[in-house]
Protein chains: 2
Amino acid sequence: MADNRQILIRSLPSGALAADDYELVTTPAPAPADGEVLVRTLAITIGAGQRAGLQGSASYAGAPVTGVVMGGTGVGRVEASNVDGIVVGDLVSGPTGWQDYVVLAAKDARVVDAGVDPALHLSLFGINGLTAYFGLFDVGAPQPGETVVVSAASGSVGHLVGQMAKIHGCRVVGITGSDAKGDVLTGRLGFDAAVNHRSDTFRDDLKAATPAGIDIYFDNTGGDILGACLRRMRPHGRIVCCGVVSQYDTNDPQPGPRGIPGLLVNNRVRMEGFLVFDFAERYDVGREQMRSWLEADDLVSLHDEVTGLDQAPSAFVDLLAGGNVGTRIVRVAD
Amino acid sequence: MADNRQILIRSLPSGALAADDYELVTTPAPAPADGEVLVRTLAITIGAGQRAGLQGSASYAGAPVTGVVMGGTGVGRVEASNVDGIVVGDLVSGPTGWQDYVVLAAKDARVVDAGVDPALHLSLFGINGLTAYFGLFDVGAPQPGETVVVSAASGSVGHLVGQMAKIHGCRVVGITGSDAKGDVLTGRLGFDAAVNHRSDTFRDDLKAATPAGIDIYFDNTGGDILGACLRRMRPHGRIVCCGVVSQYDTNDPQPGPRGIPGLLVNNRVRMEGFLVFDFAERYDVGREQMRSWLEADDLVSLHDEVTGLDQAPSAFVDLLAGGNVGTRIVRVAD
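Not measured: the values here are computed from a predicted model. (Residues numbered from 1 in each chain as written. Chains lettered and ligands numbered in written order. Predicted model: local features only at pLDDT ≥ 70, side-chain atom pairs only at ≥ 80, totals over all residues.)

Peer 1: Would you take a moment to explain the sheet that holds strand β11 (residues 214-219) of chain A for this structure?
Peer 2: Strand pairing within a sheet occurs via backbone hydrogen bonds; the two strands may be parallel or antiparallel. Ordered in space as β10(A)-β9(A)-β8(A)-β11(A)-β12(A)-β13(A)-β13(B)-β12(B)-β11(B)-β8(B)-β9(B)-β10(B), the 12 strands form an open sheet in which the pairing is mixed. Since the sheet does not close on itself, it has two edges, and those belong to β10 (193-196) of chain A together with β10 (193-196) of chain B, each with one partner. The average angle at which neighbouring strand axes cross in this sheet is 15 degrees, direction not considered. Of the strand pairs in this sheet, strand β12 (residues 233-241) of chain B and strand β13 (residues 270-273) of chain B are connected by four bridges, and their pairing is parallel. (Pairing = 2+ DSSP bridges. Helix = DSSP H or I, 4+ residues; strand = E, 2+ residues; numbered from the N terminus. Axes fitted to C-alpha atoms, helices over the stretch in contact; angles between N-to-C directions.)

Given below as structure tokens:
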């Protein structure tokens, strides 16, 4: 029986997350029962939203506990199967968590194309791509020619939102935390402009980059960036509330921006939160569309890779500090 | 030529509005030019939203100035007409402002049914009723059986929203600033429950009154009441942002509620501001529906009346302090 390295949540952070809030233990790999498969984890993805699951109050992810394997989505190879329709060697995506081996129930193991890099199943064809797709098109409802602004724009969701909005004929402005990230957006991904929210001239820069105002703001951050965009919204604008990365790495979230709800009334702005799970019935439609854009080279899926399961905690801490460009992937095995 | 009493804005309030921010002057009544009518004001309505027009930063009502007649909607009798289709004796509704006589251009003078109390043209058949109707049905999109909560629930818009939601088959909870107002809602208007936001037990009371949570929150106040309701929203709930009465009577609005945008994401809540003017093409439809409810005694339009133009400033100050039940009407002449 193989060794199973597992990364457990040792402590719930009271302030910023630290790598030693986790610990690595080694246990025997589990055995699958009827209706289950044994999976060897190949890659996992880490997203900022997972930090919310460690906060004191329960988020949609449920109340946090210690002493358990850190959760997360991964792709792995089936090493033993007691499930009809899944065979050894299949590639599956599912809630592997941060560990080498996991037993998944049939309902949690989704067979994916083994001819595609596992990382792509965790980025464009995974929750990140689907979140970008349904958030932008279903919640945001963009029209060609409109101005779309996205925050955390070089992040796993943001960089896809911006590219999809460009494909749709919108003017796209990305908000990032560094000029270097902004250069990736404008230089490589076709964004029309990028603005650094850490600059002293952020609000002026945002204004200059959105001379006609903002029709759609795709919000991955909340906080002061949301406040700044709120003041640039055009009449009948839409704010797509996708994530709150500015508020995750703390147990003391700041108040909402000034001007809510007053500015929403004056400008007839719609602000709408969504969870991608509500669109599950249409995932296949979204994946097919994204696959065709990828194959036509209209869309790039950026990955920010780290190698080694033991690197996951520090990769998560770094992510929360804004260290990634694109989807953060931890390669666990080949 | 008749004397025209006019109430001018003397000073822009830096804190709470005071009656002596206004002054009464007497000038000669104006004469109508071609395409204009001379109107004798019979009644005006005062709404909390007008306070926003006096704030330092321009609202949708435009930037404030002093030395001009206080604006407002009124109903009056035509005393001279240079407009085809409007004759002396007609009743018209329009932007009379706070004065005995006004000259209105044809486009600003809407002829209304002279057989109906002018006050009703300023409440149910005026902006208040239309705001309640389109805000609830078009923005809120209620379903029978859903729980609707409305703030400033005994106010000009709120008391109509609640009754319309009851007609539609919803469970309705009103939030007011006194137990006496709450008694009017439950005792006379058919609300299922009322909660006093000035009570120390407000949040517990709200929870008890909405055991299944809130599907639609019709927000007339913003501020802490919005914050409390935000925490009671059910998945896919809707917050209709109609007004911000808690923030009008100040030049220093408070920050938005904690939990924006995080709670919007977790519960997939839509928060949408609106202005009734966007529904102008369908005003007739709304008025006809409300007229039929009124005639069937399904709906009561509450008026809170003051007599005498000179009473308008103190009536406005009192309104901002929550002194009214229903639409505040100032009777100017018979």
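Peer 1: Please explain the interface of chain A and chain B as it appears in this structure.
Peer 2: When the parts of a complex come together, some accessible area is lost, and that lost area is often taken as the interface size. Contacts between the two partners involve 32 residues from chain A, matched on the other side by 32 residues from chain B. Put simply, the parts of the chain that give the side of chain A that touches chain B at least two residues each are α8 (262-266) and β13 (270-273) of chain A. The residue inventory of the side of chain A that touches chain B, partitioned by class, reads 16 nonpolar, 10 polar and six charged. Across three bridges, β13 of chain A lies against β13 of chain B in antiparallel orientation. Within β13 of chain B, the position partnered with E272 of chain A by the bridge is R270 of chain B. (Contact = placed C-beta atoms within 7 Å. Nonpolar A, V, L, I, M, F, W, Y, C, P; charged D, E, K, R; others polar.)

Peer 1: Would you explain the domain arrangement of chain A in this entry?
Peer 2: All names here are of chain A. Each assigned domain of chain A is listed with its residue range as follows: domain 1 (3-123 + 302-331) and domain 2 (134-277). Here the C-alpha centroids of domain 1 and domain 2 sit 29 Å apart. Each partner contributes to the interface: domain 1 provides 21 residues, whereas domain 2 provides 14 residues. (Domains from an automatic or database assignment.)

Peer 1: Looking at this structure, how should I read the relation of the copies chain A and chain B?
Peer 2: Mapping between the two chain copies consists of a rotation about an axis together with a translation along that axis. When chain A is brought onto chain B, the operation consists of a screw motion whose angular component is 180 degrees and whose axial shift is 0.0 Å, with 0.0 Å RMSD remaining. Both chain copies can therefore be described as sitting about a two-fold axis. Across chain A, the rotation axis passes nearest the C-alpha of G256 of chain A, at a separation of 2.1 Å. Of the interface residues in chain A, 100% have counterparts in chain B that sit at the interface too, so the contact is made through matching surfaces. (Least-squares fit on C-alpha atoms with pLDDT ≥ 70 in both.)

Peer 1: I keep staring at unusual backbone geometry and nothing clicks. Help me out?
Peer 2: All names here are of chain A. Of the consecutive residues I260 and P261, the connecting peptide bond is found in the cis state with omega at 10 degrees. With respect to the helices, strands and loops of the structure, P261 is situated in the loop between α7 (245-248) and α8. Its identity is not glycine, yet H236 carries a phi of approximately 65 degrees, on the positive side. Its place among the elements puts H236 in strand β12 (residues 233-241).

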